[in-house]
Amino acid sequence: SQYSAVDTNPLSVYIMQPIWNKIIKIVPLWIAPNLLTFSGFVMILFNYFLISFYDWDYTASGTSPGLVPTWVWLFSAFTTFCAYALDSIDGKHARRTQSSTPLGELFDHGLDSWATSIFVLSFFSVCSRDNGKTGVSVYTMYIYLSIVLFNFMCSHWEKYNTGVLFLPWGYDISQVVLIAAYLLTGTVGVEVWQKPLLFGYYITDLLVILLIGFSLFLSFPQTLYNIHRAHLKKTLKNDSLYEGLLPLVSPLLLFILLTVWVVLSPSNILAKQPRLFLWMVGVAFSNVICKVIICQMSSTRPELFHWFLFPLALVVYAAISGLLGCMEEVVLGVFTALVTAAHVHYGVCVGRQLSEHLNIYIFSLKKRVQE
């Protein structure tokens, strides 16, 4: 299917696009667009592990500021900008080198579906977890992450039904806010997040309010409106309501299972291992959404229950019933590692199959030699 995306965000159209159009001119024509996409993702990952190294349990900015060196925050601003730039120019570069392929589209959106959670998890280090005075509770972090992922899912669910990806306004705004937050933290210090800004509200409170407001009153209604408009124009991809709602079943069940674990965990797993748990949430979500993206691109039906829901249900049951006992953290660790490995394996397999099927290399513009 022909890829079509619509971007109506003024920030993107008037400010960022002209910048990307200048940057793209520097990129050599022999570089494969997927290499740009992947480089951006690697930078986000590297940055995330760097922050995790200094701040594993999200306390470095709160109880003992100064644990994270200033250069790390400035480096975070730099990597976030680079990743944002690379993610914005890969498509332009593909058109420039006449190498736009379904593989590139899947690669871009698939990595975005994972990167989305990593951006959020890195940002939590800036605000730090609740220490009684300042910071954000781990439950707020979980809800915050869920809302961001819900937004991401909506735009792809919308594309599944309309055939058009309406680029969410939140994307450009969130990237610019992230870069600004890192720069602010690097130049002023983490203390800036621990002082009330307006009417006793902290910057972090305002960001959470903004995010929830954005999602519930802008993104989600926009999604429903676009689907409704396609329905009126009779351009919907799926005739029945069941078909249209099908991609939402697995993500919603995933969210329900994870929330049950968070709320009913005997050892309060989210408070004990916020970084591990939230990472697992992001990876699981990314795997579920990748299936939806593939179905939407290949015009096939997503299965009702994603395979991942079964092992997750088992683990959640074992945890909340007290079967795991003091092993809950260990099991979370092993489970997270397995989920991450399964997701990477899945990505590599799909990439290889598509590159063979389309007769192209993933990271090179050379054509494959026909066997």
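For every chain, the first residue of the written sequence is number 1, and numbering continues from 1 along that sequence. Reporting of local features is limited, given that this is a predicted model, to residues whose pLDDT is at least 70; pairs of side-chain atoms are given and counted only at 80 or more, and all residues count toward the totals for whole chains, interfaces and linings. Values reported for side chains reflect all heavy atoms of the structure, with hydrogen atoms and water molecules removed beforehand.

**A look at the packing of helix H2 (residues 33–54) against helix H4 (residues 102–127)**
To keep it simple, the criterion reads: In this description, a line fitted to the C-alpha atoms serves as the axis of each element, helices being fitted only across the stretch in contact, and the angle between N-to-C directions of two axes falls anywhere from 0 to 180 degrees. By definition, any uninterrupted DSSP run of H or I lasting at least four residues is a helix, any uninterrupted run of E lasting at least two residues is a strand, and each is numbered from the N terminus. Oblique is the label for any angle not under 35 degrees, not over 145, and not in the 65 to 115 range, which are roughly parallel, roughly antiparallel and roughly perpendicular in turn. Should the near helix be turned anticlockwise from the far one by less than a right angle, the crossing is termed left-handed; should it be turned clockwise, right-handed. Two residues qualify as a contact provided that any one of their heavy atoms is within 4.5 Å of a heavy atom in the partner residue. Under the scheme applied here, ten amino acids are nonpolar (Ala, Val, Leu, Ile, Met, Phe, Trp, Tyr, Cys and Pro), four are charged (Asp, Glu, Lys and Arg), and all others, including Gly, are polar.
Packing of H2 against H4 leaves a shortest axis separation of 10 Å and a crossing angle of 20°. Put simply, H2 runs roughly parallel to H4. You can see that H2 and H4 cross each other, and the crossing is left-handed. In this structure, H2 uses Asn34, Thr37, Phe38, Phe41, Ile44, Leu45, Asn47, Tyr48 and Ile51 to contact H4, whose residues at the interface are Leu103, Gly104, Phe107, Asp108, Leu111, Trp114, Ala115, Ile118, Phe119, Leu121, Ser122 and Ser125. Its residues placed into classes, the contact of H2 with H4 shows 14 nonpolar, six polar and one charged.

**A short note on the packing of helix H3 (residues 70–96) against H4**
Helix-helix packing: each pair is described by the crossing angle between the helix axes and the interaxial distance. It is the contact of H3 with H4, at a shortest axis distance of 12 Å, that shows an interaxial angle of 160°. The pairing of H3 with H4 is recorded here as roughly antiparallel in orientation. Of the two elements, H3 crosses H4, and the hand of that crossing is left-handed. Here Trp73, Thr80, Asp87 and Asp90 of H3 come into contact with H4, specifically with Asp108, Asp112, Phe119, Ser125 and Val126. Along the lines of polarity and charge, the residues of the contact of H3 with H4 split into three nonpolar, two polar and four charged.

**A look at the packing of aromatic side chains**
Here is the rule: Ring pairs shown here join Phe, Tyr and Trp side chains whose ring centres sit within 6.5 Å, with only the six-membered ring taken for Trp; geometry is labelled stacked below 30 degrees between planes, edge-to-face above 60, and tilted in between. A simple rule labels every residue: compare its accessible area, found with a 1.4 Å probe on the protein chains alone, to the largest value its type can have, and call it buried under 20%, exposed over 50%, or partly exposed in between. Look at NZ for Lys and CZ for Arg. If either is within 6 Å of the ring centre and within 35 degrees of the ring normal, a charge sits over the ring.
Using the criterion set out here, one finds 26 aromatic pairs in the structure. Here the aromatic rings of Phe41 and Trp114 are separated by 5.4 Å at their centres, their planes lie at 45°, and the arrangement is tilted. Note that Phe41 is positioned in helix H2 and Trp114 in helix H4, a separation of 73 residues in sequence. Under the relative-accessibility criterion, Phe41 is labelled buried at 6%. The exposure class assigned to Trp114 is buried, which follows from its relative accessible area of 9%. Between Phe305 and Phe310 the ring centres are 6.4 Å apart and the planes differ by 75°, which places this aromatic pair in the edge-to-face class. Three or more aromatic residues joined by ring pairs form one cluster here, namely Phe46, Phe53, Tyr54, Trp71, Phe75 and Phe78. The ring of Tyr58 is capped by Arg275, whose NZ or CZ atom sits 4.2 Å from the centre of that ring.

**Things to note about the side chain of Glu243**
Along the polypeptide, Glu243 turns up in helix H8 (residues 241–264). Judged by relative accessible area, which is 18%, Glu243 ranks as buried. Once residues lying within four places of it in the same chain are set aside, the contact partners of Glu243 are Tyr160, Asn238 and Arg301.

**A look at the UniProt feature "transmembrane region" (unreviewed entry) in the chain**
Condition: UniProt positions are given in the numbering used here, feature names are shortened, and annotations may be inferred rather than shown by experiment.
Taking the UniProt record as the reference, the feature "transmembrane region" (unreviewed entry) is found at residues 26–50, 70–86, 136–154, 197–220, 241–264, 276–294, 306–324 and 330–348. With 72% helix and 0% strand, the stretch residues 26–50 has end C-alpha atoms that lie 28 Å from each other. Secondary structure within residues 276–294 divides into 100% helix and 0% strand; the distance between the first and last C-alpha atoms comes to 27 Å.

**Notes on the nonpolar core**
Quick reminder of the rule: By nonpolar core is meant a set of buried Ala, Val, Leu, Ile, Met, Phe, Trp, Tyr and Cys residues that side-chain atoms within 4.5 Å join together.
One finds Phe123, Phe124, Tyr144, Leu254, Trp261, Phe277 and Leu312 to be the most contacted residues of the largest nonpolar core, which totals 100 residues. The contacts of Leu254, once residues within four sequence positions are left out, are Ala284, Phe285, Val288, Phe308, Leu309 and Leu312.

**Concerning H4**
Heads up, the condition is: Helices are assigned an expected span. That span is 1.5 Å times one less than the residue count. To get the bend at any residue, fit one axis to the seven residues that end at it and another to the seven that begin at it, then take the angle between the two axes.
Helix length check: H4 (26 residues) gives 38 Å between terminal C-alpha atoms against 38 Å at 1.5 Å per residue, within 8%. In H4, a bend of some 30° at Trp114 exceeds every other bend along the element. For H4, a buried count of 25 out of 26 residues is recorded, marking the element as mostly surrounded by other parts of the structure. Just past H4, the residue Ser128 takes up positive phi, approximately 65°.

**A look at the pattern of salt bridges**
To keep things clear, this is the line we draw: We define a salt bridge as a side-chain nitrogen of Lys or Arg found within 4 Å of a carboxyl oxygen belonging to Asp or Glu.
Taken as a whole and assessed by the stated rule, the structure comprises three salt bridges. With a closest N to O distance of 3.6 Å, Glu329 and Lys272 form a salt bridge. Of this pair, Glu329 sits in helix H12 (residues 328–357) while Lys272 sits in helix H9 (residues 269–272), and the two are 57 residues apart along the sequence. For Glu329, a relative accessible area of 27% translates into the label partly exposed. With relative accessibility at 46%, the residue Lys272 sits in the partly exposed group.

**Quick notes on a nonpolar patch on the surface**
Here is the rule: Within this analysis, patches are made of residues with over 30% relative accessible area and no salt bridge. Like charges are joined at 9 Å or less; nonpolar side chains (Val, Leu, Ile, Met, Phe, Trp, Tyr) at 5 Å or less. Per-residue accessibility takes into account occlusion by the displayed protein chains alone, with areas from the Shrake-Rupley method and a 1.4 Å probe.
Where nonpolar side chains cluster on the molecular surface, the patch consists of Val13, Tyr14, Ile15, Ile19 and Phe81 and spans about 470 Å² of accessible area. Tallying contributions element by element places helix H1 (residues 10–23) first for the nonpolar patch, with four residues. Relative to the assigned elements, Ile19 resides in helix H1.

**Concerning unusual backbone geometry**
The backbone of Tyr58 shows a phi angle near 60°, a positive value even though the residue is not glycine. For Tyr58, the location among the structural elements is in the loop between H2 and H3. The exposure class assigned to Tyr58 is buried, which follows from its relative accessible area of 0%. In the Ramachandran plot, Asn268 falls in the positive-phi region, its phi being about 55° despite a non-glycine side chain. Mapped onto the fold, Asn268 is located in the loop between H8 and H9.

**Observations regarding the environment of Gly91**
Looking at where Gly91 falls in the secondary structure, it is placed in helix H3. Using a relative accessible area of 24% as the deciding quantity, one classes Gly91 as partly exposed. Residues Gly91 and Asp108 lie 17 residues apart in sequence; the distance between their C-alpha atoms is 8.6 Å.

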